[in-house]
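Fold and contact review
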Amino acid sequence: MPAVLARDLWKEYGRVVALRSVDVEVDRGELVAILGPNGAGKSTFIKIVCGVTKPTRGEIRVLGGDPSDPDVKRRVSIVPQQGGLYLEQTVRENVRFYAKLYGVEPDEEPFELLEVHRYMDRRVEHLSGGMRKRAAVALALALRPEILVLDEPTNELDPTARQDVIEAVREYNESGTTVLYVSHDVHEVEQLEPDRVLIFLEGRKALDEPFDRLMSEHGSVLDAYRAVAAQVVGE
Amino acid sequence: MSWRAIAARDLKAWVKDRRRMTVTFTMPVIVMIMMYGAFYDVNPTSVNVAILRHDSGSGDPIVDQLKRDHRVHLIHVKSVREGRDLVRRGSASVFLYLPSGFPDRKAEVYYDPTDPMGSRYVLSKIQRAWAKHVASSLKSSMKRLAPVLRMMPVRPAVHAPRFNPFHVRTPVKGLKYFDYLIPGLAVMTAAMGSIFGLGRLMMEEIELGVSYALFAAPIRARDVVIGRFVNMTVWGCVRCAIIVLVALALGAKILHPILLFLVGALSAATMVGLGLLMASLAGRSEVAEMATGTVTIPMMFLSGIFMPISVMPGWARALATINPMYYMGDAARKAALLGYLDPVDLLVLLGFMVGFLAAGSVLYDRVREYL
């Protein structure tokens, strides 16, 4: 049973078509990078995977179930683009709150791994953008998810912090967590070295290739991206 | 029971936030003290009255009455034009011209419509003084006629009616405008924070990605709504309780504070529903604030909380029947001053609460599409 199975997935917002017949299969334990420009449909795709919204048409199964089912949601955690933390509370209070909603005892390890433990008792509003992002990633990992979804988690991060986040994500992926990593930065994807790269363009899955093959065929993620974009424009 | 987790988080966050707590506890006190200072008694404290006399003393009862009144300051003018100019420029609220031949020739009372309180006060004083004068003249005429009447072989059936045949009673004596204002203020304070507070909180959550995380969490959207509803209603009750306690400390007449508090709680709950509805409709914080303000300000002024709706025109009274704030104010006043919980008011408020919450919940669930 795959971690994520999407068949002929469509999402429409009125006249705007955000996803057009997308087929994706993600195996358990895979690390998949989802790349694309703004408005390409990648965030819409993960919104469906996380059960935030439903597709207009098509089939979506997450861990074999309906992603909007609370039992499935409990096994998936997300790092939203904006972090998803309450500003007026400390990091620890945020962790307790989300852990209560997910019904889990939070894992302390990610906070040490991402060096968040030093400011667990500081209010989020007093933290820098980078510290908040680290805290948000650590929190998502602390919920012991089977699938971790990260929506552009390294925005606002300096190179060191970005490397730390990527290493933490890789470490958890190696221990069995399935990871969907959304980004619009080709260099970040190269740094991540995922198992597979999906490129979304204009609501379609324009490319779905193992990272190694992509690198050997195109030399870089940027060249692969350019080739795919040119092909889509040609069509 | 995820709504409990949401409500508990919100409550804890509120209690731990010193700035929010300071505002929660000090604002109602400041508002009450200001209201007490400004509106304890709505009679004007000082009114300028321009006066021009060409009469031969027949207007004395009126002028004497105005002179005795410590709120009235008389300005003697030399011409009708000067008197009217003073009113037009706002230097006097009323110009009184007593012409020669008064009262056979009518006096002129020229008043400033932009100062209804002041001018109405002076008009009532003038009319009352003149009515008193007429009544006492009648009385003395009757007295002078009495010997003549006694000498008549057949006495005409003359019966002078009592000058004041009314015995005025009220369930609550000596109410000031401040007392009238308090019940409305208590429910309004409970409700307003709920409307704006919930909208702001929801918009902040959308902007911080918290809404996204909550929609992705293993809870139902309605749990979020219920949790928020409980928290906001609790704080509405706290604000209402503060207003009631401060008002009592300032000597306001609240004969049934517990009933007033209950109406305040229901009002807060109703307006939480409206806040949820407005915020879910607006989708962005600045739009939510503008829309909420646009809806609530007319609601407030057409609620009868500041002025009874009996003084409003027909269209405003008709609007009041679909205005939840009217029912809040009406229920609060009856509860606080008469000890009567009006079932109509309460049922209408309950209906609004359920309607707002149901519509707000449906719209809140749609927010997920635009995250």
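Residues numbered from 1 in each chain as written. Chains lettered and ligands numbered in written order. Predicted model: local features only at pLDDT ≥ 70, side-chain atom pairs only at ≥ 80, totals over all residues. Heavy atoms only, no water.

Topic: the sheet that holds strand 9 (residues 204-210) of chain A
All names here are of chain A.
- Pairing in this open sheet of six strands is mixed, and the strands run 5-6-7-3-8-9 from one edge to the other. Either end of the sheet is taken by a strand with one partner, and the two such strands are strand 5 (76-79) and strand 9. Each neighbouring strand pair of the sheet contributes to a mean axis angle of 15°, computed without reference to strand direction.
- Taken together, the five bridges between strand 3 (residues 31-35) and strand 7 (residues 178-183) define a ladder with parallel strand orientation. Bridging across to strand 7, I34 finds its partner in V182.
- Helix 5 (residues 129-142) rests against strand 5 and strand 6 (147-151) of the sheet, and its axis sits at about 180° to strand 5. (Pairing = 2+ DSSP bridges. Helix = DSSP H or I, 4+ residues; strand = E, 2+ residues; numbered from the N terminus. Axes fitted to C-alpha atoms, helices over the stretch in contact; angles between N-to-C directions. Contact = heavy atoms within 4.5 Å.)

Here's the deal with a negative patch on the surface
Residue and element names in this part refer to chain A.
- A cluster of acidic residues, E105, E108, E109, E112, E167 and E171, forms a negative patch at the surface.
- Elements supplying a minimum of two residues to the negative patch: helix 4 (109-113) and helix 6 (159-174).
- Positionally, E171 belongs in helix 6. (Patch = residues over 30% accessible without salt bridge, like charges linked within 9 Å, V, L, I, M, F, W, Y side chains within 5 Å. Areas by Shrake-Rupley, 256 points an atom, 1.4 Å probe, with all protein chains shown as cover. Salt bridge = Lys/Arg side-chain N within 4 Å of Asp/Glu carboxyl O. Lys, Arg positive; Asp, Glu negative; His and termini not counted. Charge placed at Lys NZ, Arg CZ, Asp CG, Glu CD.)

Brief notes about the interface of chain B and chain A
- Each partner contributes to the interface: chain B provides 29 residues, whereas chain A provides 31 residues.
- When chain B packs against chain A, close to 2600 Å² is buried across both sides, 57% of that on carbon and sulfur atoms.
- At the junction of chain B and chain A, the tally comes to five salt bridges.
- E88 of chain A serves as the salt-bridge partner of R20 of chain B, at 3.6 Å between the closest nitrogen and oxygen.
- Counting across the interface, chain B meets chain A through twelve residue pairs in polar contact (both at pLDDT 80 or more). (Buried area = accessible area lost by both parts, 1.4 Å probe. Polar contact = N/O pair within 3.5 Å; in protein donor to acceptor, adjacent residues only side chain to side chain.)

Observations regarding the sheet that holds strand 3 (residues 94-98) of chain B
All names here are of chain B.
- Ordered in space as 2-1-3-4, the four strands form an open sheet in which the pairing is mixed. Every other strand in the sheet has two partners, leaving strand 2 (72-76) and strand 4 (108-111) as the edge strands with one partner each. Across the sheet, the mean angle separating the axes of adjacent strands is 20° when strand polarity is ignored.
- The pairing of strand 1 (residues 47-53) with strand 3 spans five bridges and is parallel. If you follow V49 over to strand 3, its bridge partner there is V94.

A closer look at the environment of T114 of chain B
All names here are of chain B.
- Its place among the elements puts T114 in the loop between strand 4 and helix 5 (116-151).
- The exposure class assigned to T114 is exposed, which follows from its relative accessible area of 67%.
- As a C-alpha pair, T114 and R88 span 26 residues in sequence and 9.8 Å in three-dimensional space.
- Polar side-chain contacts of T114 include one of 2.6 Å to the side chain of D112. (Buried < 20%, exposed > 50% of the residue type's maximum accessible area, 1.4 Å probe, protein only.)

Structural notes on empty space enclosed by the protein
- Taken as a whole, this structure holds four cavities of 30 Å³ or more when the rule is applied.
- Its volume calculated, the largest cavity comes out at about 100 Å³.
- S77, I78, P80, G83, G84, Y98, Y102, A136, L139, A140 and L143 of chain A together with A213 of chain B are the residues that line the largest cavity.
- Put simply, the parts of the chain that give the lining of the largest cavity at least two residues each are strand 5, helix 3 (91-102) and helix 5 of chain A.
- Residue composition of the lining of the largest cavity, grouped by class: nine nonpolar, three polar and no charged. (1 Å grid on protein atoms, 1.4 Å probe; cavity = no way out; pocket = protein on both sides within 12 Å on 5 of 7 lines; lining within 4 Å. Points joined across faces, edges and corners; volume = space filled by probe spheres on them. Nonpolar A, V, L, I, M, F, W, Y, C, P; charged D, E, K, R; others polar.)

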